[in-house]
Amino acid sequence: MTPGWRASLAYFAGTWALLASFRAHAPVHLDTARDLLIARDCALGGPCPGAGPRSSFGGLMQGTTWSRLLELREHLGWDLAAIERVADLLVACAAALVPLVARRLGAPRMR
């Protein structure tokens, strides 16, 4: 295993451990509860709006990505904590890319 891959694995493991052990679990906010109800309706074959929720940044439309992720959670029968675990996994995967991208950009090698 090359040093770059070891660094990526260390970044992934470190980020995963930090997120898993120090995260304060957030309560379900009203907008998340609304999105969960939309996802339930989509999963049951009811009306599924195409616009998605508004963003808190500039009132931009987020599209249906969030609703579709919640709909997938509904289909798989996962609990609400699964959303946090998936987000943690995605953040840890992004952190694992840091040493690889730094190496491609010409950063000094880690030894």
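What counts and what doesn't
- Numbering of residues begins from 1 in every chain and follows the order in which that chain's sequence is written.
- Note on the predicted model: pLDDT of at least 70 is required for a residue's local features to be given, and 80 or more for side-chain atom pairs to be given and counted; whole-chain, interface and lining totals, by contrast, use all residues.
- Heavy atoms throughout the structure, all of them, feed into the side-chain values; hydrogens and water do not.
- A run of DSSP states H or I qualifies as a helix once it reaches four residues; a run of E qualifies as a strand once it reaches two. Both are numbered from the N-terminal end.
- Throughout, exposure labels follow a simple rule: accessible area from a 1.4 Å probe, protein chains only, divided by the maximum for the residue type, with under 20% read as buried, over 50% as exposed, and the rest as partly exposed.
- Contact criterion: two residues are considered in contact whenever any of their non-hydrogen atoms come within 4.5 Å of each other.
- A 1.4 Å probe and the Shrake-Rupley method give the accessible areas. Residues count as covered only by the protein chains that appear here.
- Centres within 6.5 Å are what make two rings of Phe, Tyr or Trp a pair, Trp counting through its six-membered ring; a difference in plane orientation under 30 degrees is then read as stacked, over 60 as edge-to-face, and the rest as tilted.
- The pLDDT score gives, residue by residue, the confidence of the prediction method on a 0 to 100 scale.
- Here a polar contact is taken to be a pair of N or O atoms separated by no more than 3.5 Å, where protein atoms must pair a possible hydrogen donor with a possible acceptor and residues adjacent in sequence count only if both atoms sit in side chains.

## Description of the overall build of the protein
Here is step 1 of the chain: Each helix and strand counted, the protein has four helices and zero strands in total.
Here is step 2 of the chain: Sequence-ordered secondary structure for the protein, helices as α and strands as β, is α-α-α-α.
Here is step 3 of the chain: Each of the 111 residues in the protein was classed as buried or not, and the buried ones make up 19%.
Here is step 4 of the chain: For the protein, long-range pairs separated by at least 24 residues make up 60% of all intrachain contacts whose partners lie at least 6 apart in sequence.
Here is step 5 of the chain: Counting only carbon and sulfur atoms, one obtains 67% of the accessible surface of the protein, whose full area is about 8000 Å².

## Notes on the packing of aromatic side chains
To describe a pair of aromatic rings, one takes the distance between the centres and the angle between the planes.
Here is step 1 of the chain: A complete count under the given rule lists one aromatic pair for this structure.
Here is step 2 of the chain: Consider the rings of Phe 12 and Trp 16, whose centres lie 6.3 Å apart with planes at 15°: the pair is stacked. Within this pair, Phe 12 and its partner Trp 16 are both found in helix H1 (residues 3–22), separated by four residues, close to a single helical turn.
Here is step 3 of the chain: With a relative accessible area of 25%, Phe 12 lands in the partly exposed category.
Here is step 4 of the chain: By relative accessible area, Trp 16 is classed as partly exposed at 33%.

## Digging into the confidence of the model for the protein
Here is step 1 of the chain: When pLDDT is averaged along the protein, the result is 79, and 78% of the positions lie at 70 or above.
Here is step 2 of the chain: For the protein, per-element mean pLDDT is lowest for helix H2 (residues 30–43), which scores 79, and highest for H1, which scores 87.

## Some remarks on the side chain of Arg 73
Here is step 1 of the chain: Relative to the helices and strands, Arg 73 is located in helix H3 (residues 65–76).
Here is step 2 of the chain: According to the relative accessible area criterion, Arg 73 is buried, its value standing at 11%.
Here is step 3 of the chain: From its side chain, Arg 73 meets the backbone oxygen of Trp 78 in a polar contact 2.7 Å long.
Here is step 4 of the chain: With residues up to four places along the chain from it excluded, the contact list for Arg 73 reads Leu 36, Trp 78, Asp 79, Leu 80 and Ile 83.

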